Amino acid sequence: MRIIRLALKHRWRVAIAFVTTIVAANFQLLIPQFLGQAVDFAHGLLAGGPGSEEEAEAALLTTAFMLLGASILRGGFTMLHNYLGESVGHLVGYGLRLAYYEKLQRLSFGFYDRVHTGDLITRGLLDLEGVRFFFNAGMVRLVLLANLIGIGSFLVISADTVLGLLALSFVPFVAWRSSTARLKLRKMWRLLQERMSELSLIMDENLGGIRVVRAFAAQDHEMGKFDIASERALDMANQRIGVRVRNTTAMTFAYFIAMGLVLWFGGLKVIDGEISVGKLAEFLAFMTILQMPVRQLGMMVNAFARASTCGARLFEVLDLEPSIRNAPDAPDLKVTDGVLRFEDVDFAYRDATGDERVLKGVNFKVGPGQVLGIVGPPGSGKSTIAHLIPRFYDVGGGRITIDGQDIRNVKLESLRRAVGVVQQDTFMFTASIENNVAYGDPWADGERIARANRAAQLHDYVNRLPMGYETLVGERGVSLSGGQRQRLSIARSVMLKPSFLVFDDSTAAIDAATEQRIRAALKDTTQDRATIIISHRLSSLMHAHEILFIEDGRVVERGSHEELIAAGGRYRELYMLQLKPADGEER
Amino acid sequence: MAPGRQSTANPDREKPPRAVVGSQVGHDEKMFGAAFDGHVVRRFAGFLVPYRRRLAVAVGSVLVYTASQISIPLVIRHAIDDALIAGSNRELLELVVMTFFAVIGVNYLTNFLQEIIVGRVAERILIDLRRAMFEHLQRVGLSFMDKTEVGRMMSRLQGDVNAMQEFLENSVFAVGDFVLLIGIMAVLLTLDWQLGLLTLSVVPILFFVRIVWLPYARKSFVRARETVSTANGALAEAIHGMRTVQGMTRETVNFDLYDEKATDNLRANLSSSRFAQVMVPIVDFLTGGAMAIVIVVGGSMVLSQRLDLGVMVAFLFYVQRFFDPIRSLTMQYSVMQRAMASGQRAFEVLDVPLDIKDKPDAQAPAEIDGSVEFQNVNFGYAPDQPVLRNVSFRIEPGETVALVGPTGSGKTSTTSLAHRFYDVWEGQILVGGIDVRDLTQASLGRHVAMVLQEPFLFTGTVFENIRYRTTEATREGVEAAARAVGAHDFITRLPQGYDTPLEQRGSNLSLGQRQLLSFARAIVADARVLILDEATANIDSHTEMLIQRALARLLEGRTGLVIAHRLATVRGADRIIVLQDGEIIETGNHDQLVEHGGLYAKLYSMNYASFDDVPDELVRQVLSSTSAT
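What you see is a predicted model, and the numbers here were worked out from it, not measured in a lab.

Participant: Can you walk me through the packing of aromatic side chains in this structure?
Facilitator: In total, this model carries 28 aromatic pairs over all chains according to the counting rule given. Measuring from ring centre to ring centre gives 5.0 Å for Phe379(B) and Tyr381(B), while their planes differ by 80 degrees; the resulting arrangement is edge-to-face. With relative accessibility at 2%, the residue Phe379(B) sits in the buried group. Ring geometry for Phe456(B) versus Phe458(B): centroids 5.2 Å apart, planes at 70 degrees, classification edge-to-face. Each member of the pair, Phe456(B) as well as Phe458(B), is classed as buried. An aromatic cluster is present here, built from Phe109(A), Phe347(A), Phe392(A) and Tyr393(A) joined pairwise through their rings. The cationic tip of Arg240(A) hangs over the ring face of Trp189(A); the distance from NZ or CZ to the ring centre is 4.7 Å. If you follow Arg243(B) out to its NZ or CZ, it ends over the ring of Phe109(A), 4.9 Å from the centre.

Participant: Just checking my understanding: could you explain helix 6 (residues 161–168) of chain A for this structure?
Facilitator: Quick reminder: α-helices carry 3.6 residues per turn. Residues three or four places apart thus point the same way. Within the span of helix 6 of chain A, buried status applies to Leu163(A), Gly164(A), Leu166(A), Ala167(A) and Leu168(A). The N-terminus of helix 6 of chain A is capped by Asp160(A), whose side-chain oxygen sits 3.2 Å from the backbone nitrogen of Val162(A).

Participant: What exactly am I supposed to notice about the domain arrangement of chain A here?
Facilitator: Frequently, the measure chosen for interface size is the accessible area that the parts lose on association. All names here are of chain A. In terms of domain boundaries, chain A breaks down into domain 1 (2–199 + 228–318) and domain 2 (340–581). If you look at the interface, domain 1 gives five residues, while domain 2 gives six residues. In total, about 440 Å² of surface goes out of reach between domain 1 and domain 2, with carbon and sulfur atoms giving 56% of it. Of all residues in domain 1, the largest losses of buried area upon contact with domain 2 belong to Phe109, Asp113 and Arg114, amounting jointly to 88% of the total for that side. On the surface where domain 1 and domain 2 come into contact, there are zero salt bridges. Seen at the junction of domain 1 and domain 2, the total is one residue pair in polar contact (both at pLDDT 80 or more). The residue makeup of the side of domain 1 that touches domain 2, split by class, is one nonpolar, two polar and two charged.

Participant: What am I meant to see in the pattern of salt bridges here?
Facilitator: One side chain can pair with another of opposite charge once the charged atoms of both are near each other. Following the criterion strictly, the structure yields 47 salt bridges over all chains and no others. Glu316(A) is paired through a salt bridge with Arg123(A); the nearest N and O atoms lie 3.0 Å apart. Taken together, the residues Glu316(A) in helix 10 (residues 277–318) and Arg123(A) in helix 5 (residues 117–159) connect sequence positions 193 residues apart. The residue Glu348(B) makes a salt bridge to Arg156(B) at a minimum N-O spacing of 3.1 Å. Residue Glu348(B) is located in helix 10 (residues 309–350), and its partner Arg156(B) is located in helix 5 (residues 150–191); the two are separated by 192 residues in the primary sequence. A single salt-bridge network, built from bridges that share partners, covers Asp119(A), Arg123(A), Asp127(A), Arg190(A), Glu194(A), Arg313(A) and Glu316(A).

Participant: Explain empty space enclosed by the protein to me, please; I cannot follow it from the model alone.
Facilitator: One simple way to see leftover space: roll a probe sized like a water molecule over the atoms. All chains considered together, the criterion is met by 14 cavities of 30 Å³ or more. There is about 150 Å³ of room inside the largest cavity. As for the largest cavity, its lining consists of 15 residues, of which Gln291(A), Gln69(B), Ile72(B), Pro73(B) and Arg321(B) are closest to the centre. Of all the elements in the fold, those that place two or more residues in the lining of the largest cavity are helix 9 (219–271) and helix 10 of chain A together with helix 2 (52–86), helix 5 and helix 10 of chain B. Ranked by the residues each element gives to the lining of the largest cavity, the list is headed by helix 2 of chain B, at five residues. Taken together, the residues that form the lining of the largest cavity break down as 11 nonpolar, three polar and one charged.

Participant: What is the right way to read a positive patch on the surface from this model?
Facilitator: Taken together, Lys184(A), Lys187(A), Arg246(A) and Arg120(B) make up a surface patch of like positive charges. Along the chain, the position of Arg246(A) falls in helix 9.

Participant: Looking at this structure, I do not really get the packing of helix 9 of chain A against helix 2 of chain B. What am I missing?
Facilitator: Two packed helices can be described by the angle between their axes and the distance between those axes. Contact pair helix 9 of chain A / helix 2 of chain B: the axes reach a minimum separation of 10 Å and the direction vectors enclose 10 degrees. Looking at the two axes, helix 9 of chain A sits roughly parallel to helix 2 of chain B. Along the contact surface, helix 9 of chain A presents Phe256(A), Met259(A), Leu263(A), Gly267(A), Val270(A) and Ile271(A), while helix 2 of chain B presents Gln69(B), Ile72(B), Ile76(B), Ala79(B), Ala83(B) and Leu84(B). Taken together, the residues of the contact of helix 9 of chain A with helix 2 of chain B break down into 10 nonpolar, two polar and no charged.

Participant: Help me out: how do you make sense of the sheet that holds strand 9 (residues 529–532) of chain B in this one?
Facilitator: Pairing between the strands of a sheet comes from backbone hydrogen bonds, and it takes one of two forms, parallel or antiparallel. Residue and element names in this part refer to chain B. Ordered in space as 6-9-10-3-11-12, the six strands form an open sheet in which the pairing is mixed. Two strands lie at the open edges of the sheet, namely strand 6 (448–451) and strand 12 (583–588), each paired on one side alone. Looking at each pair of strands side by side, their axes are set apart by 20 degrees on average, direction ignored. Bridge count between strand 6 and strand 9: four bridges; the pairing is parallel. Looking across to strand 9, one finds that Ala449 is bridged to Leu530. Of the strands in this sheet, strand 6 and strand 9 touch helix 16 (residues 511–525), which is tilted by about 175 degrees from strand 6.

Participant: Would you mind going over the environment of Phe347(A) with me for this structure?
Facilitator: Residue and element names in this part refer to chain A. Among the structural elements, Phe347 can be located in strand 1 (residues 340–347). Between the alpha carbons of Phe347 and Asn147 there is a distance of 60 Å; along the sequence they are 200 residues apart. Contacts of Phe347, omitting those with residues within four sequence positions, involve Arg357, Val358, Leu359, Thr384, Leu388, Tyr393, Asp394, Val395 and Gly396.

Participant: Just to check I follow, could you spell out the sheet that holds strand 12 (residues 554–559) of chain A for this structure?
Facilitator: Residue and element names in this part refer to chain A. Judged by pairing direction, the sheet is mixed, and its six strands sit side by side in the order 6-9-10-3-11-12 without closing on themselves. Of all strands in the sheet, those bounded by a partner on one side alone are strand 6 (419–422) and strand 12. Strand-to-strand twist across the sheet, computed as the mean angle between neighbouring axes with direction ignored, equals 15 degrees. Two elements, strand 3 (residues 371–375) and strand 10 (residues 530–534), share four bridges in a ladder whose sense is parallel. Along strand 10, the bridge assignment pairs Val371 with Thr531.

Participant: Help me out: how do you make sense of the nonpolar core in this one?
Facilitator: One broad rule of soluble globular proteins: the nonpolar side chains tend to lie buried together. One finds Leu129(B), Phe374(B), Leu417(B), Ile466(B), Ile491(B) and Leu517(B) to be the most contacted residues of the largest nonpolar core, which totals 134 residues. Element by element, the count of residues in this core is highest for helix 3 (residues 90–139) of chain B, at 12 residues. Those residues within four positions of Ile466(B) in sequence are excluded, and the remaining contacts are Val478(B), Ala482(B), Ile491(B), Tyr498(B), Leu517(B), Ala520(B), Arg521(B) and Val524(B). Grouped together as the second largest cluster of nonpolar side chains are 113 residues, Phe34(A), Val103(B), Leu316(B) and Phe317(B) included.

Participant: Could you clarify how one ought to interpret the pairing of strand 11 (residues 575–580) of chain B in this entry?
Facilitator: Sheet faces and side chains relate simply in a regular strand, where the side chains alternate between the two faces. Residues and elements named next belong to chain B. Extensive coverage of strand 11 is indicated by the burial of six of its six residues. Burial of strand 11 is two-sided: the residues Arg575, Ile577 and Leu579 facing one way and the residues Ile576, Val578 and Gln580 facing the other way are all buried. Strand direction decides the pairing type here: strand 3 (residues 400–404) and strand 11, joined by four bridges, are parallel. Within strand 11, the residue paired with Leu403 across the bridge is Ile577. Summarising the sheet, strand 11 and strand 12 pair through five bridges and their orientation is antiparallel. Within the sheet, the bridge partner assigned to Leu579 lies in strand 12 and is Ile584. With antiparallel pairing between neighbouring strands as the criterion, strand 11 and strand 12 make up a hairpin whose turn holds two residues, including Asp581 at a positive phi of roughly 50 degrees.

Calculation notes
- Counting restarts for each chain, with residues numbered from 1 along the sequence as it is written.
- All chains are assigned letters beginning at A, and all ligands numbers beginning at 1, according to the order in which they are written.
- Per-residue local features of the predicted model are confined to residues with pLDDT of at least 70, and side-chain atom pairs are confined, for both listing and counting, to 80 or more; whole-chain, interface and lining totals are unaffected and use all residues.
- With hydrogens and water stripped out, all remaining heavy atoms of the structure feed into the side-chain values.
- For Phe, Tyr and Trp, where Trp contributes only its six-membered ring, two rings pair if their centres lie within 6.5 Å, and the inter-plane angle classes them as stacked under 30 degrees, edge-to-face over 60, or tilted in between.
- Relative accessibility under 20% of the residue-type maximum defines a buried residue, over 50% an exposed one, and the middle range a partly exposed one, all with a 1.4 Å probe and only protein chains included.
- By definition here, charges over rings are those cases where NZ of Lys or CZ of Arg is within 6 Å of the ring centre and within 35 degrees of the ring normal.
- Numbered from the N terminus, helices here are DSSP runs of H or I no shorter than four residues, and strands are runs of E no shorter than two.
- Any pair of N or O atoms that falls within 3.5 Å is considered a polar contact. Within protein, one atom must be able to donate a hydrogen and the other to accept it, and sequence-neighbouring residues count only if both atoms are side-chain atoms.
- Residue ranges for the domains originate in an automatic or database domain assignment.
- We call two residues contacting when some pair of their heavy atoms lies within 4.5 Å.
- Note: buried area is the sum, over both parts, of the accessible area (probe 1.4 Å) each one loses when the two are combined.
- A carboxyl oxygen of Asp or Glu within 4 Å of a side-chain nitrogen of Lys or Arg is what we treat as a salt bridge.
- Three classes are used, and their members are as follows: Ala, Val, Leu, Ile, Met, Phe, Trp, Tyr, Cys and Pro are nonpolar, Asp, Glu, Lys and Arg are charged, and the others, Gly among them, are polar.
- Cavity and pocket criteria rest on a 1 Å grid covering protein atoms alone: a 1.4 Å probe that fits but cannot get out defines a cavity, protein on both sides within 12 Å along at least 5 of 7 lines defines an open pocket, and an atom within 4 Å of a point defines a lining residue.
- Grid points are joined across faces, edges and corners, and a volume is the space filled by probe spheres set on the points.
- Every patch collects residues that have over 30% relative accessible area and no salt bridge, joining them within 9 Å if they carry like charges and within 5 Å if they are nonpolar side chains (Val, Leu, Ile, Met, Phe, Trp, Tyr).
- Method for areas: the Shrake-Rupley scheme with a 1.4 Å probe, in which residue coverage is limited to the protein chains shown.
- In this tally Asp and Glu are treated as negative and Lys and Arg as positive; neither His nor the chain ends contributes.
- In plain terms, the charge of a residue is placed at NZ if it is Lys, CZ if Arg, CG if Asp and CD if Glu.
- Axis lines are fitted to C-alpha atoms, over the contacting stretch for helices. Their N-to-C directions set the angle, which ranges from 0 to 180 degrees.
- Any angle that falls under 35 degrees is termed roughly parallel, while one over 145 is termed roughly antiparallel, one within 65 to 115 roughly perpendicular, and all others oblique.
- Pairing between strands is defined by DSSP: at least two bridges between the two strands are required.
- As used here, the term nonpolar core means buried Ala, Val, Leu, Ile, Met, Phe, Trp, Tyr and Cys residues forming a set that is joined through side-chain atoms within 4.5 Å.

Okay, here's the thing in structure tokens:
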């Protein structure tokens, strides 16, 4: 079991936990013996045994003190091993938590395309909790139970073979039931988890797409989807409860049957004078000690099944090797001339079948002070180009170089610092506007932040807010409009002064005049660096030094605006439609 | 916290970064409430009613189960006193053993019953509660939903509902614990009241210790829960914003910040473990003490023949079991607190008033004529801030009307009202000659289809998404709709054509493609009235060309209300309504409006592809010049 191996990092704690568990178990096992003794002292005199009442009372007093001592010691050691066991759980949980976070930060975009974010969150929340809980509830107790049964059986069998065996007769049954139940429950946990995810997905989408639901008056349809998923989850939950309850109750029942047998045969033995009443009481008391652990065994089995399912789900992610990572000994990217080149770049998304290439033999070059415009129909591969430059994905064929260095051969961090991509979908973190703008360089001073905001035409708006730059945005803060978000995103990238600035359709929600002002403001910052503008709005890229018209993954037309207009191809067609509607085709 | 923005220019890595992960807002969602909240309990009781029989059986089982637990030491006592000591009586022993087996048989049966009923009913109620909340959210007005985050609502639907389930399961077993405690006390006092009292004297000590301990421990438990939710919030944020994190190479900074939160959580967890475990030796000490009392006092009573040996044995058994119910009962307190806080939030959702609902006598006509009429409509989202003022117009069946106007002029509000996403303040809106408030929402949804600004797709295949609510739609119908909007070609190029599953919200499609699918979806819905809300805004010109052609076909025989951005669309409309600051300032067809020389003509003459591209200053200039003339 891999999750157990996780605990080995804390082997001293685990070792001490085990030792204290064994000590605690031994002290606990002393208690029935003292009880038996006490019963015998009390009964011995009554039955006409030797000794005086004073002697018997003195013996009782000694036994009572011994018992009290054993209880206290047991308590102390139990506290130790419980705490140590739980702390191992917390430490393992902490370790997993960090490992998971770290892994998520390194997994590439291809991974996030495939996996649902809700599922990743569930893994980080519930599955992590499941693993942690196992160490708290399961591991140490399992050792305790094994100890109690192991040492206990030695003691009771050596005291009386038949009674001892009877007292332990339920153990094989319990062991068998719990191991079969573990397998069943494990499968069920997995299914239940999956079905719960389906249900969350339906609710999440419904709430996210509430306007569509309302627009189509599809509430009943949505309730139908909810009910189906919900019943499926309920069905699994009920099955799981059934297995769990059948098991725990059967185990307790088996335990009581064994107790009844001890009472019966032990009673017969007392009648036959083979053992004393005290001995019988000792056997019964020993069994009482076992009652709690046996009840908990069901819970432990459940926790164990859950932990192995949860663990497996976590390891699924932890074991992934990021498809994009630093080559061994990769040097930092050295930007000297500042020239970016695409050389026969091919690209296909991972799950594509056949010739599903998104980019086919794309070539271009852009140097400092130059602006490259990229335009084309949706799905033509425009955005893919933006994603390839900072190596969010790796090229399928050909190569991308910066000043002659293949970007796959340099350190990822240095590459991404050199390339600023203003992305299509802007993510706002729940933090102040200031922190959001300074996202890429949290050590930036206020002046730089303000400058970037001024360039992005956001400064005045921010200053008009009552809290200014301290205004909270994101999930719990004020909501910015699409255009404001895009402007913030521009400020965020511009502030880093990257050598290569890529706008991935990132001005769609900004009006043309503001865009014009942004472009003018950026002129100073971009004059010695390369800019790539991807857009479907021609006014955004008309001024570019070179414009590529991309269709179906290929560059079908290239040249300056004037050249392309003169060529009279697809670009001109688009231009006529967008900027000269009056002369566009009549419908 | 972030240093002041006037700080020195040189970035100094020694100072803390201007960075946070996760939400920095205080916990506005309380995790623990009062231990008892009458409102919550009453509301929750309502959910129990359908299962009252089963719950009664469960409580009955709990009681019988507890009784059987209590009687087991008593049976052993009889075995010892009557069968073993008094007369070494084999038959009596067998009788007692048979009784024992009967008792454990009952114990088994009731144990099974209580666990399975409570477990299943709790699951069922959980589903019922969640369903009620979800269904309510389907009917709550959009003005509420607009203000609510999906994430927060989800945590109510999941986390809070689960906490209620835990509470329900616990409270049934708490009944058992309580009865067990009382039962053991009663039996001890009945068996021998003097020894009983003496033994029970440790109980007040335990209660006292726990009362001293509880506030500290609870604080530490609360802290553990809060830190875990903070850490999880940061994790969720990281997952959602991962593309930005990687794009901006924030990994190292974020990892350190996350580590801080994870370490906080680790510390809090360790401290709460310490608090929980410190009780163990105390309880063991008291148990040992109680047993010592039984041995010394009970033993000497046995010696002086004032007590039966079996009673002493029974006492010893009871003492060992005695502290379990006390322990779990005191633990109930924080479960209760948590449940009350969660319950409050859950019922808050259910208590959101339905501002838009069907009238009892609402109509659901099978056919309507497709006219849309606004009569003196006044409307706004916040009181005193009207968005639409005295808007009146009529769209004849089959007519296409384009709504144009600068941002914030009330276009989107107009279309939302036609679908009764909100109710008007004054005036009325008629669809097919019937006030929308007199129609059922379902029938309004059937007759009025809508394409929204943002294309939203659901998990499922392309086919399922186009078909959406119209589950009776055939494959051919869906394909025809896709052809009409020019989506058929790219769909067939997808790996599995129409059966290609869409990844989350269609992220494997481009924005334009998603837009096309949402168009096809509206066509399949086949309504008499089609509302297009800024649908063309995000589509590139190439795709738009396809749509322009499709639109004409789509609108044939349908009434169209279109928020148009592209002039090509506007010019194709039968009539244009120009909105400005919530009022209709011009109306007519393209040629008439150009001739009229108002705002539309001015905007048109500026040669912008879209009115949204016209900067606000220019609009203001144009307006002042028009009003001046």
